[in-house]
Amino acid sequence: MRRLILSGGLMVAAFSGIVLAQDNALKEIEGTYKVLALEKSGKAGPKELADSLTVTIKGDEMVIAIAGEGEKKAKIKVDGTKTPKSIDITPSEGPEKGKTFPGIYKSEKGEFTLVFTEKGDRPKDFKTENAAMLLKMKKEEKK
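What comes next concerns the included structure. What you see is a predicted model; the values in this text were computed from it and never measured. (Residues numbered from 1 in each chain as written. Predicted model: local features only at pLDDT ≥ 70, side-chain atom pairs only at ≥ 80, totals over all residues. Heavy atoms only, no water.)

### Comments concerning the environment of Lys40
Okay, step 1: As for its placement among the helices and strands, Lys40 is situated in strand β1 (residues 31-40).
Okay, step 2: You can call Lys40 partly exposed: its relative accessible area is 34%.
Okay, step 3: Expressed as a C-alpha distance, the spacing of Lys40 and Leu134, which sit 94 residues apart in the sequence, is 6.4 Å.
Okay, step 4: In contact with Lys40, not counting residues within four places along its chain, are Glu118, Thr128, Ala131, Ala132 and Met133.
Okay, step 5: In terms of polar contacts, Lys40 uses its side chain to reach the side chain of Glu118, at 3.4 Å. (Helix = DSSP H or I, 4+ residues; strand = E, 2+ residues; numbered from the N terminus. Buried < 20%, exposed > 50% of the residue type's maximum accessible area, 1.4 Å probe, protein only. Contact = heavy atoms within 4.5 Å. Polar contact = N/O pair within 3.5 Å; in protein donor to acceptor, adjacent residues only side chain to side chain.)

### Notes on the pairing of strand β8 (residues 111-117)
The side chains of a regular strand alternate between both faces of the sheet.
Okay, step 1: Among the seven residues of β8, six are classified as buried, and the element is accordingly described as predominantly covered.
Okay, step 2: As consecutive antiparallel partners, strand β7 (residues 101-108) and β8 are separated by two residues, and within that stretch Lys109 has a phi angle of approximately 55°, a positive value.
Okay, step 3: Inspection of the sheet shows β8 paired to strand β9 (residues 132-139) by seven bridges, in the antiparallel sense. Each residue of the ladder has a partner; that of Thr117, found in β9, is Ala132. (Pairing = 2+ DSSP bridges.)

See below:
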């Protein structure tokens, strides 16, 4: 019985640590970003499209605003303990609602780089081979 209680306590502590690590990783990337560049399948996306995109992360929600077209919302789940850090993006609306896009990210010096795929396995590096999409963003200053 003692072993059962001890193992249950260890599981609760481990789960609490995972939740805390996720919360810290979400806080690290929280903010509003201007897209500097985008790339898909090794090809740069149109500058006009990049210039029209703003990404806001608050808590476990990501909102992509497209100038003149509205917003696309998604839930995100991050794991900052992995190398590279992982992110799962799950659209909350539209035709992709409920589908999960696995990705990786890095955040350093106000820049946020995100690589994800719409199909297949999680990217292993910050390249856009095999139909992966890359967004390079700069955090906007608070006004």
